[in-house]
Amino acid sequence: MKPRISVITLGVDDLEKSLKFYRDGLGLPTEGIVGQEFEHGGVAFFDLQSGLKLAIWKREDIAHDTHLKKTPISPTEFTIGHNVESKDEVDKVMEQARKAGAVITVPAHDTFWGGYSGYFQDPDGHLWEVVWNPAWEFPK
């Protein structure tokens, strides 16, 4: 398998609420909700870095599409890592998320491995880590 992941889809309970969180609160670019003319089709896509999108889609629509039973939510199934260029940027993004309505689960702090990070949950409980790793460089 070649690494061609282009969309990460998060199941949400309230599509409008999640749209406002990601678009208005975190400032992610989007054209809004599309596909509402189709049963189980309403989805919103957000542009991330080149070639990667974040999608939000109702949990019941994902269950319908995949023929799977909707199960209880567990926020510890995975995390989304948002890497930034400095400790200060970690603090700024964490504050932006808090103002947007996120629940801060772990405030930003120095990590045991030499970085700096914090965790927040979006309105549907998805866990995000905002992290600065001194060993990682970003293309300019």
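Look up a bit, the structure's there.
Attention here is on the structure that accompanies the text. Every chain is numbered independently, its residues counted from 1 as its sequence is written. For a predicted model such as this one, the threshold for reporting local features is a pLDDT of at least 70, and the threshold for listing and counting side-chain atom pairs is 80 or more; totals across whole chains, interfaces and linings nevertheless cover every residue. Based on all heavy atoms of the structure, the side-chain values leave hydrogens and waters out of the count.

Exposure above 30% relative accessible area and no salt bridge define the residues that can form patches, which grow by joining like charges within 9 Å and nonpolar side chains of Val, Leu, Ile, Met, Phe, Trp and Tyr within 5 Å. Only the protein chains shown count as cover for residues, and the accessible areas themselves come from Shrake-Rupley with a 1.4 Å probe. A pair is scored as a salt bridge if a Lys or Arg side-chain nitrogen falls within 4 Å of a carboxyl oxygen belonging to Asp or Glu. Where nonpolar side chains cluster on the molecular surface, the patch consists of Val-7, Val-34 and Phe-45 and spans about 200 Å² of accessible area. Relative to the helices and strands, Phe-45 is located in strand E3 (residues 43-47). Judged by its relative accessible area of 33%, Phe-45 is partly exposed. The way it works is that DSSP assigns letters per residue, a run of H or I at least four long becomes a helix, a run of E at least two long becomes a strand, and they are numbered from the N terminus. For every residue, the accessible area obtained with a 1.4 Å probe (protein chains only) is divided by the maximum for its type, and the residue is called buried under 20%, exposed over 50%, and partly exposed between those limits.

Glancing now at the side chain of Ser-18. The topology assignment puts Ser-18 in helix H1 (residues 15-25). Look at Ser-18 and you get buried, because its relative accessible area is 0%. In this structure, Ser-18 is in contact with Val-12, Ile-56 and Asp-124, ignoring residues within four places of it in sequence. We call two residues in contact when some of their heavy atoms are within 4.5 Å.

Turning our eyes to something else, we now look at the nonpolar core. One finds Tyr-22, Phe-46, Ile-56 and Phe-120 to be the most contacted residues of the largest nonpolar core, which totals 25 residues. Those elements that place two or more of their residues in this core are strand E1 (7-12), H1, E3, strand E4 (53-58), strand E5 (79-84), helix H3 (87-100), strand E7 (116-121) and strand E8 (127-132). Not counting residues up to four positions away in its chain, the partners in contact with Ile-56 are Leu-10, Val-12, Leu-15, Ser-18, Leu-19, Tyr-22, Val-43, Ala-44 and Phe-46. Each nonpolar core is a collection of buried residues, namely Ala, Val, Leu, Ile, Met, Phe, Trp, Tyr and Cys, held together in the definition by side-chain atoms within 4.5 Å.

Take the sheet that holds strand E6 (residues 103-110) next. If you trace the 4 strands from one edge of the open sheet to the other, you get E5-E8-E7-E6, paired in mixed fashion. The sheet is open, and its two borders are formed by E5 and E6, each paired with just one other strand. Taking each pair of neighbouring strands and ignoring which way they run, the sheet shows an average axis angle of 15°. Two strands qualify as a pair provided that DSSP identifies no fewer than 2 bridges between them. Bridge count for E7 against E8 is 6 bridges, and the pairing is antiparallel. Counterpart to Gly-118 in the pairing with E8 is Val-130. Packed onto the sheet, H3 meets E5, E6, E7 and E8 and runs at close to 10° relative to E7. Axis definition: a line fit to C-alpha positions, over the contact stretch in the case of helices; interaxial angles, taken between N-to-C directions, run 0 to 180 degrees.

This part covers the pairing of E4. Alignment of E1 against E4, held across 6 bridges, turns out to be parallel. Paired with Gly-11 across the strands is Trp-57, a residue of E4. Here E3 pairs with E4 via 5 bridges, running antiparallel. Across the sheet, Phe-46 pairs through a bridge with Leu-54, a residue of E4.

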